[in-house]
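Chain by chain, the residues:
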Amino acid sequence: MAYTFLFTIGTTTAAAVSAVLLAALYASSVSQPRLHLSFWRALSGIPPVLVGLLVYMLFSQAGPLGFLRWLFTPKALITAQFLLALPTALALALRERTSLPRDMEDFIRVNLPNKKHQAYLAHLKGTLPSTFFVTWGRILGEVGAATLSGGAIEGYTSTLATDILYKTNLGQFKEALVLGALLLVVSLIPSVFLELSSYGASGH
Amino acid sequence: MVKRLLRVFLVSFLIAMLGLTAAGCSNQRPVVMVTTTSFRDSGLAGALVQVLQKQTGLKISLVAQGSGAAVEMLKRGDADVGITHAPTLEMQLTHLGWHRVPFMQNYFYLVGPKQDPARAKSLTLTEAFRRIYQGKFLFVSRGDQSGTHMMEKALWGLLGLDPDTFGDWYIKTQAGMLTSLQIANEKGAYILTDQSTWLRNRDKLPQLDFITTSTEGLNTYSFLYKDARYAVLSEAFFSKEAQQIIRQFQFEPLER
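Residues numbered from 1 in each chain as written. Chains lettered and ligands numbered in written order. Predicted model: local features only at pLDDT ≥ 70, side-chain atom pairs only at ≥ 80, totals over all residues. Heavy atoms only, no water.

Quick look at a nonpolar patch on the surface
Residue and element names in this part refer to chain A.
Okay, step 1: A surface patch of nonpolar side chains, about 350 Å² in accessible area, is lined by V49, L50, L53 and M57.
Okay, step 2: Mapped onto the elements of the fold, V49 is located in helix 3 (residues 48–59).
Okay, step 3: Given a relative accessible area of 47%, V49 falls into the partly exposed group. (Patch = residues over 30% accessible without salt bridge, like charges linked within 9 Å, V, L, I, M, F, W, Y side chains within 5 Å. Areas by Shrake-Rupley, 256 points an atom, 1.4 Å probe, with all protein chains shown as cover. Salt bridge = Lys/Arg side-chain N within 4 Å of Asp/Glu carboxyl O. Helix = DSSP H or I, 4+ residues; strand = E, 2+ residues; numbered from the N terminus. Buried < 20%, exposed > 50% of the residue type's maximum accessible area, 1.4 Å probe, protein only.)

Thoughts on unusual backbone geometry
Residue and element names in this part refer to chain B.
Okay, step 1: Even without being glycine, D116 reaches a positive phi, approximately 50 degrees.
Okay, step 2: The topology assignment puts D116 in the loop between strand 4 (99–113) and helix 6 (125–135).
Okay, step 3: Classification of D116 as buried rests on a relative accessible area of 6%.
Okay, step 4: Positive phi is not limited to glycine here, since S122 has a value of about 60 degrees.
Okay, step 5: Structurally, S122 can be placed in the loop between strand 4 and helix 6.

What to know about the layout of surface pockets
Regions of empty space are outlined by a rolling probe, equal in size to a water molecule, passed over the atoms.
Okay, step 1: Each pocket or cavity is described by its volume, and for the second largest pocket that value is around 540 Å³.
Okay, step 2: Lining the second largest pocket are 23 residues, with A:T147, B:T37, B:A64, B:Q65 and B:G66 sitting closest to its centre.
Okay, step 3: Of all the secondary structure elements, the ones that give two or more residues to the lining of the second largest pocket are helix 8 (144–150) and helix 9 (160–169) of chain A together with helix 2 (37–41), strand 2 (60–65) and helix 4 (67–76) of chain B.
Okay, step 4: The element best represented in the lining of the second largest pocket is helix 9 of chain A, accounting for four residues.
Okay, step 5: Of the residues assigned to the lining of the second largest pocket, the class counts are nine nonpolar, 11 polar and three charged.
Okay, step 6: Here the lining of the second largest pocket spans two domains, and each of domain 1 (31–105 + 220–253) and domain 2 (108–217) of chain B adds at least three residues to it. (1 Å grid on protein atoms, 1.4 Å probe; cavity = no way out; pocket = protein on both sides within 12 Å on 5 of 7 lines; lining within 4 Å. Points joined across faces, edges and corners; volume = space filled by probe spheres on them. Nonpolar A, V, L, I, M, F, W, Y, C, P; charged D, E, K, R; others polar. Domains from an automatic or database assignment.)

Observations regarding the side chain of A:T157
Residues and elements named next belong to chain A.
Okay, step 1: Looking at the secondary structure, you find T157 in the loop between helix 8 and helix 9.
Okay, step 2: Here G150 takes part through its backbone oxygen, which lies 2.7 Å from a polar atom of the side chain of T157.
Okay, step 3: Ignoring any residue separated from it by four or fewer positions in sequence, one finds T157 in contact with F7, F72, T73, P74, L77, G150, G151 and A152. (Polar contact = N/O pair within 3.5 Å; in protein donor to acceptor, adjacent residues only side chain to side chain. Contact = heavy atoms within 4.5 Å.)

As structure tokens, this is what we get:
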């Protein structure tokens, strides 16, 4: 159970961090953020089980990346979680980018033509933690994509969420409830962080 | 100050977690064994895997699917070895050069409401199914192409009946064995189950009772492999230790 707990936090963190970083780079380098925003916002609602199916087909022996032999390993699981987090992270980063005031945008274009990228990144930096926590929540309790890609193998690729489903199927409701409580605690970590950091900022 | 501390903590936390995950990823890919949901949920699959790992030194990843999906995964190469209980499906694999090693068996049971409205007790499975069909008594079907579902379809087939034409009394769950049993328990319906899942969970199913079984309901589990490297695994199924565990879980181990 300790392994599953740490494994869940580890993969969720890895997937959310990479999605958020990529999203920041992407949002700071496009010149028409508004167009990209509509596209990625629409994709943010993609059903997780569909992402799972996509990753399964991708890494299946009959699929294009089958030679990697990643299916039913933590790598496939993190890939699925990453793909699940990416549209949401992109949409949030792009929205922040479009919120940049018009005169600031002009100022950057005129005065910092060679440092545009850095300037936009600096603007996006503040929202990265909250974006991270939103994607974290989206991945954490997910079962369908995690089972299809990772296989929910006990002690190897099972997460808190897939383990709850498994224990319930076994009729071990007590264990399932304990795992559920753990999952709830983990899902609360982001809000605790956000509350504490805003408290720290205002006390400054 | 608080904010800075938080930031330091958050960053070190992230790095630690990424490191942990990377360490978890770098291991060699284990042998992927696909098995049926009912077999994993019985707890026997996990116990057998422990024995197999100890005796062969191979690391095994256990993935659970319905028998249909399991055979499909073996064909595609997404799983290296398998344990299934659907002989007709397994034949598709033996035609493709796979080895099929039957290693244990038990019986499928018809269980149903305590009052037994169809009066099916101590009939053969086929006769009991005929009674249920004639009286349109509630019947829960797994409907998931699992070995149990295949057996159920075969029994209807022996009567020349097609479940696709059945009415509302025929409930398709598309769920695992225990969940389906719980649904039958709630609805007061008949259901075909494997002996092992039933015997281990009957105390959670107060409305259901054993109705009948017969020779048509023989449930044979086989180990499937293609790569000669995995022949050692098939040997391990016949070890004393493995056979003892198989008996504990209400199955009868077979001779090689």
